[in-house]
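For reference, the chains in residue letters:
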Amino acid sequence: MSGPFKRRSSIKTLPAMSLPVDSMRRASIRRTSIALGQQSGKTAGQQEVPWDILDRCLLPVIFCHATAVLVSNALNVLKIWEVTTFTLFIWFTIVTIGAVLFYHNLKVTAAGKAVLITGCDSRVGSALARQLDEQGFTVFAGFQNASTSSAAEELKEVCSGRLHVLQLDVASETQILAASLYAVEHLPDGAPGLWAVVHAQSWVALGEIEWIPPQVIKKATDINFIGPTRVTQIMLPLVRRAKGRIVMVTSGLCRVSSPVRGIHCGLLAALESQAECLRKELKSRGVDVVVVAPGELTSGSSWLSDQHIIDQAKDMWKQLGQEQKSEYGEHYFETALRSLEKHTKAQEVDLFPVLRALNDAVIRTFPLAKYTPVSRKEKIQVFIAEYFPRSVYDVIYS
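All values reported here derive from a predicted model rather than from experimental measurement. (Residues numbered from 1 in each chain as written. Predicted model: local features only at pLDDT ≥ 70, side-chain atom pairs only at ≥ 80, totals over all residues. Heavy atoms only, no water.)

### Concerning the environment of L187
Next up, step 1: Looking at where L187 falls in the secondary structure, it is placed in the loop between α6 (173-185) and β4 (196-199).
Next up, step 2: What makes L187 buried here is its relative accessible area of 16%.
Next up, step 3: Excluding anything up to four places from it in sequence, L187 contacts A114, F140, P192, G193 and L194. (Helix = DSSP H or I, 4+ residues; strand = E, 2+ residues; numbered from the N terminus. Buried < 20%, exposed > 50% of the residue type's maximum accessible area, 1.4 Å probe, protein only. Contact = heavy atoms within 4.5 Å.)

So this is what it looks like as structure tokens:
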């Protein structure tokens, strides 16, 4: 555990609350739009590494090299043309990269297409809803508490009449069914179904696995895994009619271990594995399944807040047994939870890479199977975790 923290009162004296992460850190939608449209283009946009383009171009470039070796040797052996492998590789690469970039940048027409987004209580969900509305999509924005949410009212004020605010808690079967009926009744003229369903609702269960109460594990499972699964099942007929796509937001934590977030890592890894299976199942049906796995440095501030961390710590400490309290001690317990505080200090412009990836997942004609809007440091860590022996990873990151 690491990170500088200000000394606060003991968790025993803090007010007891257990709040969904989506409702914790709610910035103004207008301010978010400014950050995305102006600051992001100047700051985050310049610093962001275009991992999606690199991922798409890497394999074709490797094939270009292999093809250049075979063709060069064949031409030289047959004495048809004496040309070096490097020259052919450059030619093949230029042509291939040009074709890949043309293919990569094709976009769908927004008019007449509808998108359902869950978790619009969060900065990510609300900003994506506004972004898609501005591009001409009909947007169904799902909120956990639509009737009392100031963010829902603000979103309606700044968006066009194409945006519809829905009461949609993914843990409620009734609300999912009601949302599907509403979507059917309010589809754009001529639309056969939903173009995309974006799973943006999330709830972070914090704490070492021994500390987390069963009801917290159940709530995290309902919101992060069972809920998205049911939304997908119920909305899939609409998506299949439009030959659209399912977009699932997971995390870079699926590939790296992270103490104090074991439950959250496990559930997101399960969701990502489910997405891979669903992609194969729906390939013949013309439905794309896209995973967007942001890193902590690009989206940490949208999922966590100081108050969320403190509230969960207070609730867990009360429910620990006396033996557990004696074993860990209050100081260790409090320090472990507050080690995540560093992820609550990111600026709003850090959302730019995440929203860019989500936007591409919806509007690209041929989306990638997975987008990874992460920092260079996180990309290196994930690469080492996936392709190096575990002992190497443990030496570097333990």
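### Quick look at unusual backbone geometry
Next up, step 1: If you check the backbone angles, K79 has positive phi at about 55° while not being a glycine.
Next up, step 2: Looking at where K79 falls in the secondary structure, it is placed in the loop between α2 (51-77) and α3 (85-104).
Next up, step 3: One non-glycine residue, K243, adopts positive backbone phi at about 50°.

### Some thoughts on the sheet that holds strand β1 (residues 114-117)
Two strands in a sheet stick together by hydrogen bonds in their backbones, pointing the same way (parallel) or opposite ways (antiparallel).
Next up, step 1: Judged by pairing direction, the sheet is parallel, and its 7 strands sit side by side in the order β3-β2-β1-β4-β5-β6-β7 without closing on themselves. Every interior strand has two partners, whereas the edge strands, β3 (163-167) and β7 (370-371), have only one.
Next up, step 2: As judged from the 4 bridges shared by β4 and strand β5 (residues 245-249), these two strands associate in the parallel manner. Bridged to V198 within β5 is V247. (Pairing = 2+ DSSP bridges.)

### Here we look at the nonpolar core
Where a protein is soluble and globular, its nonpolar side chains tend to be buried together.
Next up, step 1: Membership of the largest hydrophobic core comes to 45 residues, with the highest contact counts inside it found for L116, F140, L194, V197 and M235.
Next up, step 2: Breaking this core down by element, the ones donating at least two residues are β1, α6, α7 (214-242), β5, α8 (262-282), β6 (288-292), α10 (306-319) and α12 (330-338).
Next up, step 3: Looking at this core, the element that brings in the most residues is α7, giving 9 residues.
Next up, step 4: If sequence neighbours within four positions are ignored, L194 has contacts with A114, V115, L116, F140, L187, M235, L238, V239, A242 and G244.
Next up, step 5: Within the second largest apolar cluster, 38 residues are counted, among which are V124, A127, F137 and V198. (Core = buried A, V, L, I, M, F, W, Y, C linked by side-chain atoms within 4.5 Å.)

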